[in-house]
Amino acid sequence: MMAELRVALRTHGAIFIRGLPVFDTESFGRVRDVLIPQQTPYREKATPRSDYGNSVYSSTDLPASQAIRMHNENSYTLDFPGTLLFGCLAAPAEGGATPVADVRQVLRGIPPRLLDRMREHGWLLTRNYSEYISLDWRTSFATEDPSAVEEYCARNLISWEWKEGDRLVTRQVRPGIIEHPETGEQVWFNHLAFWNSLSLDSDIREALVEEFGRDGLPFNTAFGDGLPLTSDELDAVNSAYEAATVRKSWQPGDVMLVDNILAAHGRDPFRGDRKIVVAMGDPVSLDHCKPSPLPAPASPFTPNV
(Lines give C-alpha, C1' and ligand atoms only; values in the text may rest on other atoms or scores of the structure.)
Protein backbone atom coordinates (compact mmCIF):
# COMPACT_ATOMS: atom_id res chain seq x y z
CA MET A 1 0.00 0.00 0.00
CA MET A 2 2.75 2.46 0.93
CA ALA A 3 4.62 1.65 -2.31
CA GLU A 4 1.46 2.41 -4.29
CA LEU A 5 0.98 5.70 -2.45
CA ARG A 6 4.55 6.73 -3.22
CA VAL A 7 4.12 5.93 -6.91
CA ALA A 8 0.91 7.99 -6.97
CA LEU A 9 2.62 10.84 -5.12
CA ARG A 10 5.51 10.93 -7.61
CA THR A 11 3.00 10.87 -10.47
CA HIS A 12 0.58 13.54 -9.28
CA GLY A 13 2.59 15.57 -6.74
CA ALA A 14 -0.20 15.47 -4.14
CA ILE A 15 -2.76 12.94 -2.85
CA PHE A 16 -6.00 13.96 -1.10
CA ILE A 17 -7.45 11.32 1.24
CA ARG A 18 -10.92 11.68 2.75
CA GLY A 19 -12.47 10.10 5.84
CA LEU A 20 -9.51 9.08 8.00
CA PRO A 21 -9.91 8.91 11.81
CA VAL A 22 -8.14 12.25 12.32
CA PHE A 23 -9.85 14.14 15.16
CA ASP A 24 -7.03 15.96 16.96
CA THR A 25 -3.29 16.56 16.81
CA GLU A 26 -2.56 13.21 18.46
CA SER A 27 -4.48 11.16 15.89
CA PHE A 28 -2.98 13.28 13.10
CA GLY A 29 0.48 12.51 14.50
CA ARG A 30 -0.24 8.79 14.35
CA VAL A 31 -1.22 9.06 10.68
CA ARG A 32 1.91 11.13 10.06
CA ASP A 33 4.09 8.45 11.65
CA VAL A 34 2.78 5.93 9.11
CA LEU A 35 2.97 8.13 6.01
CA ILE A 36 6.18 10.10 6.72
CA PRO A 37 7.98 8.52 9.69
CA GLN A 38 11.18 10.57 9.19
CA GLN A 39 10.44 14.07 10.49
CA THR A 40 12.00 17.37 9.42
CA PRO A 41 12.48 20.41 11.69
CA TYR A 42 11.07 23.80 10.70
CA ARG A 43 14.16 25.91 9.87
CA GLU A 44 14.47 29.66 9.26
CA LYS A 45 10.86 30.22 10.33
CA ALA A 46 9.07 32.76 8.21
CA THR A 47 5.40 32.81 9.26
CA PRO A 48 3.69 32.51 12.64
CA ARG A 49 2.62 28.96 13.52
CA SER A 50 1.31 27.25 16.61
CA ASP A 51 3.46 24.34 17.80
CA TYR A 52 1.24 21.52 19.05
CA GLY A 53 4.16 19.28 19.98
CA ASN A 54 5.40 16.06 18.38
CA SER A 55 6.45 18.10 15.30
CA VAL A 56 2.84 18.99 14.48
CA TYR A 57 2.14 22.65 13.65
CA SER A 58 -0.70 24.87 12.52
CA SER A 59 -0.47 25.38 8.78
CA THR A 60 -0.22 29.13 9.45
CA ASP A 61 -1.59 31.68 11.90
CA LEU A 62 -1.84 34.54 9.40
CA PRO A 63 -5.18 36.43 9.28
CA ALA A 64 -8.12 34.60 7.66
CA SER A 65 -8.66 37.36 5.10
CA GLN A 66 -5.14 36.98 3.74
CA ALA A 67 -4.45 34.64 0.82
CA ILE A 68 -1.11 32.83 0.88
CA ARG A 69 0.50 32.59 -2.54
CA MET A 70 1.86 29.38 -3.99
CA HIS A 71 5.28 28.26 -2.75
CA ASN A 72 7.38 25.20 -1.97
CA GLU A 73 8.03 24.86 1.75
CA ASN A 74 11.50 26.06 2.80
CA SER A 75 12.68 26.56 -0.79
CA TYR A 76 15.22 29.03 0.64
CA THR A 77 17.00 26.54 2.95
CA LEU A 78 19.81 24.12 2.09
CA ASP A 79 17.85 21.20 3.54
CA PHE A 80 14.07 21.09 3.23
CA PRO A 81 11.18 18.69 3.72
CA GLY A 82 10.58 16.34 0.81
CA THR A 83 7.06 15.52 1.97
CA LEU A 84 4.30 17.51 3.71
CA LEU A 85 1.17 16.17 5.37
CA PHE A 86 -1.82 18.46 5.94
CA GLY A 87 -4.81 17.43 8.03
CA CYS A 88 -8.21 19.01 8.65
CA LEU A 89 -9.42 19.10 12.25
CA ALA A 90 -12.00 21.86 11.67
CA ALA A 91 -13.27 23.05 8.29
CA PRO A 92 -14.15 26.73 7.73
CA ALA A 93 -17.65 27.81 6.76
CA GLU A 94 -16.36 29.32 3.53
CA GLY A 95 -13.10 29.15 1.57
CA GLY A 96 -9.87 28.11 3.24
CA ALA A 97 -8.74 25.45 0.77
CA THR A 98 -5.07 24.50 0.55
CA PRO A 99 -4.53 24.72 -3.23
CA VAL A 100 -1.66 22.82 -4.83
CA ALA A 101 0.13 23.33 -8.14
CA ASP A 102 2.29 20.82 -10.01
CA VAL A 103 5.53 22.77 -10.42
CA ARG A 104 6.58 20.62 -13.37
CA GLN A 105 3.63 22.19 -15.17
CA VAL A 106 4.45 25.61 -13.69
CA LEU A 107 7.96 25.33 -15.14
CA ARG A 108 6.50 24.70 -18.59
CA GLY A 109 4.34 27.81 -18.25
CA ILE A 110 7.14 30.25 -17.33
CA PRO A 111 8.28 32.46 -20.26
CA PRO A 112 11.63 31.26 -21.69
CA ARG A 113 13.47 34.51 -20.92
CA LEU A 114 12.56 34.19 -17.23
CA LEU A 115 13.62 30.56 -17.22
CA ASP A 116 16.99 31.53 -18.67
CA ARG A 117 17.50 34.21 -16.01
CA MET A 118 16.55 31.82 -13.23
CA ARG A 119 18.83 29.06 -14.51
CA GLU A 120 21.76 31.48 -14.80
CA HIS A 121 21.31 33.60 -11.68
CA GLY A 122 18.85 31.90 -9.32
CA TRP A 123 16.81 34.11 -6.99
CA LEU A 124 17.73 36.46 -4.17
CA LEU A 125 15.91 36.64 -0.84
CA THR A 126 16.29 39.56 1.56
CA ARG A 127 14.66 39.33 5.01
CA ASN A 128 14.27 41.94 7.74
CA TYR A 129 13.58 40.41 11.14
CA SER A 130 11.67 42.56 13.59
CA GLU A 131 9.19 42.08 16.41
CA TYR A 132 6.98 44.69 14.72
CA ILE A 133 6.69 43.04 11.30
CA SER A 134 6.91 39.37 10.34
CA LEU A 135 8.99 37.39 12.87
CA ASP A 136 11.89 38.51 15.04
CA TRP A 137 15.23 36.76 14.68
CA ARG A 138 14.90 34.95 18.02
CA THR A 139 11.74 33.22 16.81
CA SER A 140 13.02 32.52 13.30
CA PHE A 141 16.31 30.99 14.44
CA ALA A 142 15.05 29.56 17.75
CA THR A 143 17.84 31.10 19.81
CA GLU A 144 18.56 34.08 22.07
CA ASP A 145 22.24 34.14 21.08
CA PRO A 146 23.31 36.41 18.19
CA SER A 147 26.52 34.40 17.75
CA ALA A 148 24.44 31.26 17.19
CA VAL A 149 22.55 33.12 14.44
CA GLU A 150 25.83 34.15 12.82
CA GLU A 151 27.18 30.61 13.02
CA TYR A 152 24.00 29.25 11.41
CA CYS A 153 24.13 31.85 8.64
CA ALA A 154 27.79 31.20 7.88
CA ARG A 155 27.16 27.46 7.75
CA ASN A 156 24.12 27.90 5.50
CA LEU A 157 25.52 30.42 3.02
CA ILE A 158 23.54 33.41 4.25
CA SER A 159 24.96 36.92 4.61
CA TRP A 160 23.86 38.88 7.67
CA GLU A 161 23.93 42.41 8.99
CA TRP A 162 22.92 43.68 12.41
CA LYS A 163 21.03 46.98 12.44
CA GLU A 164 20.23 49.47 15.16
CA GLY A 165 17.44 48.41 17.47
CA ASP A 166 18.36 44.71 17.61
CA ARG A 167 17.29 44.19 14.01
CA LEU A 168 18.76 41.61 11.67
CA VAL A 169 18.90 41.60 7.86
CA THR A 170 19.83 38.45 5.93
CA ARG A 171 20.42 37.83 2.22
CA GLN A 172 20.83 34.60 0.31
CA VAL A 173 20.93 33.44 -3.31
CA ARG A 174 19.23 30.14 -4.08
CA PRO A 175 18.55 28.18 -7.27
CA GLY A 176 14.95 28.53 -8.45
CA ILE A 177 14.92 25.47 -10.71
CA ILE A 178 16.02 22.12 -9.32
CA GLU A 179 15.68 18.40 -10.13
CA HIS A 180 13.70 15.91 -8.10
CA PRO A 181 16.32 13.54 -6.63
CA GLU A 182 14.23 10.42 -7.41
CA THR A 183 12.41 11.23 -10.65
CA GLY A 184 15.04 13.51 -12.22
CA GLU A 185 12.32 15.94 -13.32
CA GLN A 186 13.02 19.66 -13.35
CA VAL A 187 10.70 21.88 -11.30
CA TRP A 188 10.08 25.56 -10.51
CA PHE A 189 11.08 25.62 -6.82
CA ASN A 190 11.24 29.00 -5.07
CA HIS A 191 9.52 31.87 -3.24
CA LEU A 192 10.32 34.42 -5.96
CA ALA A 193 6.72 35.55 -6.57
CA PHE A 194 5.35 34.87 -3.09
CA TRP A 195 7.76 37.18 -1.28
CA ASN A 196 8.29 39.81 -3.94
CA SER A 197 7.35 43.32 -2.80
CA LEU A 198 5.05 43.71 -5.81
CA SER A 199 2.92 40.84 -4.49
CA LEU A 200 1.86 43.00 -1.56
CA ASP A 201 -1.37 44.96 -1.77
CA SER A 202 -0.35 48.41 -2.96
CA ASP A 203 -1.79 50.18 0.10
CA ILE A 204 0.01 47.79 2.47
CA ARG A 205 3.25 48.12 0.52
CA GLU A 206 3.10 51.91 0.62
CA ALA A 207 2.39 51.88 4.36
CA LEU A 208 5.29 49.51 5.04
CA VAL A 209 7.68 51.57 2.93
CA GLU A 210 6.59 54.75 4.70
CA GLU A 211 7.12 53.15 8.11
CA PHE A 212 10.25 51.05 7.53
CA GLY A 213 11.83 52.37 4.33
CA ARG A 214 12.31 50.76 0.94
CA ASP A 215 14.95 48.38 2.24
CA GLY A 216 13.06 47.52 5.43
CA LEU A 217 10.30 45.25 4.12
CA PRO A 218 10.04 41.92 5.96
CA PHE A 219 10.64 40.03 2.69
CA ASN A 220 11.74 40.96 -0.80
CA THR A 221 13.05 39.01 -3.76
CA ALA A 222 14.85 39.57 -7.03
CA PHE A 223 16.78 37.47 -9.48
CA GLY A 224 20.14 36.37 -8.13
CA ASP A 225 22.02 39.09 -10.01
CA GLY A 226 20.02 41.71 -8.08
CA LEU A 227 17.74 42.72 -10.95
CA PRO A 228 14.16 43.13 -9.71
CA LEU A 229 11.07 41.65 -11.27
CA THR A 230 8.76 43.88 -13.26
CA SER A 231 5.03 43.71 -12.64
CA ASP A 232 4.59 41.97 -16.02
CA GLU A 233 7.14 39.32 -15.06
CA LEU A 234 5.44 38.75 -11.72
CA ASP A 235 2.09 38.40 -13.49
CA ALA A 236 3.61 35.83 -15.84
CA VAL A 237 4.87 33.71 -12.95
CA ASN A 238 1.57 33.93 -11.10
CA SER A 239 -0.32 33.01 -14.28
CA ALA A 240 1.81 29.87 -14.61
CA TYR A 241 0.94 28.94 -11.03
CA GLU A 242 -2.76 29.61 -11.57
CA ALA A 243 -2.91 27.43 -14.69
CA ALA A 244 -1.45 24.52 -12.71
CA THR A 245 -3.48 25.00 -9.49
CA VAL A 246 -6.18 22.65 -8.22
CA ARG A 247 -8.11 22.90 -4.96
CA LYS A 248 -10.56 20.87 -2.91
CA SER A 249 -12.63 22.04 0.05
CA TRP A 250 -11.63 20.63 3.42
CA GLN A 251 -13.77 18.34 5.57
CA PRO A 252 -12.81 17.10 9.06
CA GLY A 253 -10.79 13.91 8.73
CA ASP A 254 -9.25 14.86 5.38
CA VAL A 255 -5.50 14.63 4.91
CA MET A 256 -3.36 15.69 1.97
CA LEU A 257 0.06 14.24 1.26
CA VAL A 258 2.26 16.57 -0.81
CA ASP A 259 5.59 15.98 -2.51
CA ASN A 260 7.15 19.32 -1.59
CA ILE A 261 9.47 19.29 -4.62
CA LEU A 262 6.83 18.38 -7.20
CA ALA A 263 4.00 20.55 -5.85
CA ALA A 264 3.67 24.07 -4.47
CA HIS A 265 0.88 24.93 -2.06
CA GLY A 266 -0.91 28.00 -0.71
CA ARG A 267 -4.02 29.00 1.24
CA ASP A 268 -7.30 30.58 0.21
CA PRO A 269 -8.94 33.23 2.42
CA PHE A 270 -11.75 31.92 4.60
CA ARG A 271 -14.56 32.67 7.02
CA GLY A 272 -15.31 30.74 10.20
CA ASP A 273 -13.23 28.40 12.32
CA ARG A 274 -10.44 26.62 10.48
CA LYS A 275 -7.88 24.26 11.97
CA ILE A 276 -5.51 22.74 9.45
CA VAL A 277 -2.40 21.12 10.86
CA VAL A 278 0.79 20.19 9.06
CA ALA A 279 3.80 17.94 9.55
CA MET A 280 7.00 17.83 7.52
CA GLY A 281 9.32 14.93 6.79
CA ASP A 282 11.57 13.03 4.39
CA PRO A 283 14.36 15.65 4.48
CA VAL A 284 16.13 16.43 1.20
CA SER A 285 19.49 18.12 0.73
CA LEU A 286 19.71 20.73 -2.01
CA ASP A 287 23.02 19.11 -3.00
CA HIS A 288 21.05 16.11 -4.25
CA CYS A 289 18.85 18.23 -6.56
CA LYS A 290 21.47 19.42 -9.09
CA PRO A 291 21.11 23.10 -8.17
CA SER A 292 22.23 25.71 -10.70
CA PRO A 293 23.46 28.19 -9.78
CA LEU A 294 24.89 26.99 -6.51
CA PRO A 295 23.51 28.58 -3.32
CA ALA A 296 25.49 31.52 -1.98
CA PRO A 297 25.35 34.46 0.44
CA ALA A 298 24.48 37.78 -1.17
CA SER A 299 25.26 41.48 -1.09
CA PRO A 300 22.60 44.18 -0.64
CA PHE A 301 20.43 45.11 -3.61
CA THR A 302 18.00 47.89 -4.43
CA PRO A 303 14.47 46.54 -4.12
CA ASN A 304 11.79 47.28 -6.70
CA VAL A 305 9.07 48.94 -4.60
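Placed above this text is the structure.
It should be emphasised that the depicted structure is a prediction, and the values quoted were computed from it without experimental measurement.

1. A few points about the packing of helix α4 (residues 112–121) against helix α8 (residues 231–244)
In the contact formed by α4 and α8, the axes pass within 11 Å of each other and the chain directions differ by 95°. Taken together, α4 and α8 sit at an angle that is classed as roughly perpendicular. Note on element contacts: α8 touches α4 through Glu233, Ala236 and Val237, opposite Arg113, Leu114 and Arg117. Of the residues in the contact of α4 with α8, the class split is three nonpolar, no polar and three charged.

2. Things to note about the packing of aromatic side chains
For the structure shown, the criterion picks out nine aromatic pairs. With a centroid separation of 5.4 Å and an interplanar angle of 45°, the aromatic rings of Tyr129 and Phe141 are classed as tilted. Of this pair, Tyr129 sits in strand β7 (residues 123–129) while Phe141 sits in helix α5 (residues 137–141); the two residues are 12 residues apart in sequence, bridging distant segments of the chain. With centroids separated by 4.2 Å and ring planes inclined at 10°, the aromatic side chains of Trp195 and Phe219 adopt a geometry described as stacked. Separated by 24 residues along the polypeptide, Trp195 in the loop between β11 (186–188) and α7 (202–212) and Phe219 in strand β12 (residues 219–223) bring together distant segments of the chain.

3. Points about the side chain of Asn156
Mapped onto the fold, Asn156 is located in the loop between α6 (146–155) and β8 (159–163). A distance of 2.8 Å separates a polar side-chain atom of Asn156 from the backbone oxygen of Tyr152. Sequence-distant contacts of Asn156, that is, excluding residues within four places in its chain, are made with Leu78 and Arg174.

4. Things to note about unusual backbone geometry
Here the residue pair Ser292 and Pro293 is connected by a cis peptide bond, since its omega of 0° sits within 30 degrees of zero. At Ser55, a residue that is not glycine, the phi angle is positive and equals roughly 60°. Following the sequence through the fold, Ser55 ends up in the loop between α2 (25–35) and β2 (57–58). According to the relative accessible area criterion, Ser55 is partly exposed, its value standing at 26%. A positive phi angle, near 60°, is found at Leu157, a position not held by glycine. Counting through the fold element by element, Leu157 comes out in the loop between α6 and β8. Accessibility expressed as a relative area gives 31% for Leu157, which makes it partly exposed.

Definitions and limits used
- Residues numbered from 1 in each chain as written.
- Predicted model: local features only at pLDDT ≥ 70, side-chain atom pairs only at ≥ 80, totals over all residues.
- Heavy atoms only, no water.
- Axes fitted to C-alpha atoms, helices over the stretch in contact; angles between N-to-C directions.
- Helix = DSSP H or I, 4+ residues; strand = E, 2+ residues; numbered from the N terminus.
- Parallel < 35°, antiparallel > 145°, perpendicular 65-115°, else oblique.
- Contact = heavy atoms within 4.5 Å.
- Nonpolar A, V, L, I, M, F, W, Y, C, P; charged D, E, K, R; others polar.
- Phe/Tyr/Trp six-rings, centres within 6.5 Å; stacked < 30°, edge-to-face > 60°.
- Polar contact = N/O pair within 3.5 Å; in protein donor to acceptor, adjacent residues only side chain to side chain.
- Buried < 20%, exposed > 50% of the residue type's maximum accessible area, 1.4 Å probe, protein only.

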